[in-house]
Amino acid sequence: MTELASPLQLPGWTHTYSGKVRDLYVPSEGPENVLLVVASNRVSAFDHVLEPPIPGKGALLTALSNWWFAQIDLPNHLIAPAPGIPEVPAVVADRAMLTRRLEMYPVECVVRGALTGSGYAEYAATGAVCGIELPAGITDGDLLDTPIYTPAYKAPLGEHDENITFERSAELVGDEVAAALRDASIAIFTRARELAAARGVVLADTKFEFGRDPETGELVLADEVLTSDSSRYWDAATYEDPALSAGDRLASFDKQIVRNWLSANWDRTGTPPQLPEEIVAQTRARYQELFDRIAG
């Protein structure tokens, strides 16, 4: 993976971790159960963080997450500013979430309302996805009558996540928690799919992350939720157009433009090339369009 640039130094906050997209901070002084999650403008593909970043991407992801959190009737990790908690610096205010710290479960909660990507590849090879047998004859991009829950094991940093069965997830977190993760994920997905459809957008699949509040023990929705980076969305009118090719019908509101350009211009050895201005602009436009369609 490409080495990340040094994180911002934020007054009142101490940097603790950087992922491909997000930087995490804790108060330099104050309560230990608070976390500042800052979404960067970084864009990654094929295990590399690319240059240049996508302008405004972090703010769009954060705004879309916040909109979805407000629609979901489930405890989430957001908290309000309070005495003793450092102020969120203005330089990151539009792309930061003030959250409570949780004991995160090592399960990525994937829900598929359509079969495409790695799920379709697994189905084509085995007739099943994560141990769930599916009817014969499903083609790439087909919608499923009932969404399926296909969890993944969240691998340590630097390793790839691993698709697992529900039974394996229960071995990792216990039967009761595994069932709660599954049920909450499908309920959120079902609600989100209806809201997206009303806005002319198909929610094909998504992934959620949950944690346990160490003080209350409750299940809490965390991380980002139903964003362009964690979900696959298609334009409904385009998806339903029989005159279009599968590639055009399934064009998603995310960084697929970046992946496609990189696949055509890089052999995945050495340092990836700089993204052209037009690819950056097109990707930024796709993120903006989804936000405008869903929450604008």
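Each residue is numbered by its place in its chain's sequence as written, counting from 1. Residue-level local features of this predicted model are given only where pLDDT is at least 70; pairs of side-chain atoms are given and counted only at 80 or more, and the full residue set underlies all totals for whole chains, interfaces and linings. As a convention, hydrogens and water are excluded, and side-chain values are obtained from all of the structure's heavy atoms.

A. Inspection of unusual backbone geometry at higher detail. Each neighbour pair has its own omega, and for Glu51 with Pro52 the value is -5°, a cis peptide bond. In DSSP terms, a helix is any run of H or I states spanning at least four residues, a strand is any run of E spanning at least two, and both are numbered starting from the N terminus. Here Pro52 is to be found in the loop between strand 5 (48–50) and helix 1 (57–71). Phi is positive for Asp47, close to 65°, though the residue is something other than glycine. Exposed residues in this analysis have more than 50% of their type's maximum accessible area, buried residues have under 20%, and partly exposed residues fall in between, with area computed by a 1.4 Å probe over protein chains only. When its relative accessible area of 30% is taken as the criterion, Asp47 is described as partly exposed. A positive phi is found at Asp223, a non-glycine position, where the angle reads about 60°.

B. Summary view of the pairing of strand 16 (residues 231–235). Counting buried residues in strand 16 gives four out of five residues, a clear majority hidden from the surface. One requirement defines pairing of two strands: DSSP has to find at least two bridges between them. Bridge analysis of strand 14 (residues 201–212) against strand 16 gives five bridges, and the strand direction is antiparallel. If you follow Val202 over to strand 16, its bridge partner there is Trp234.

C. Molecular detail of the packing of aromatic side chains. Stacked, edge-to-face and tilted are the three classes for Phe, Tyr and Trp ring pairs, Trp counted by its six-membered ring, which pair at centre distances within 6.5 Å; planes under 30 degrees apart are stacked, over 60 edge-to-face, the rest tilted. Within this structure, the stated rule accounts for four aromatic pairs. Taken together, a centroid distance of 6.1 Å and an interplanar angle of 40° make the contact between Tyr120 and Tyr123 tilted. With a gap of three residues between them, Tyr120 and Tyr123 both fall in helix 2 (residues 117–126), about one helical turn apart. Charge-over-ring placement is defined geometrically: NZ (Lys) or CZ (Arg) within 6 Å of the ring centre, and within 35 degrees of the ring normal. Stacked on the ring of Phe166, the Lys or Arg Arg182 has its end atom at 4.6 Å from the ring centre. One residue, Arg249, lies across the ring of Tyr239, its end atom 4.6 Å from the ring centre.

Any functional reading would require information that these geometric values do not contain.
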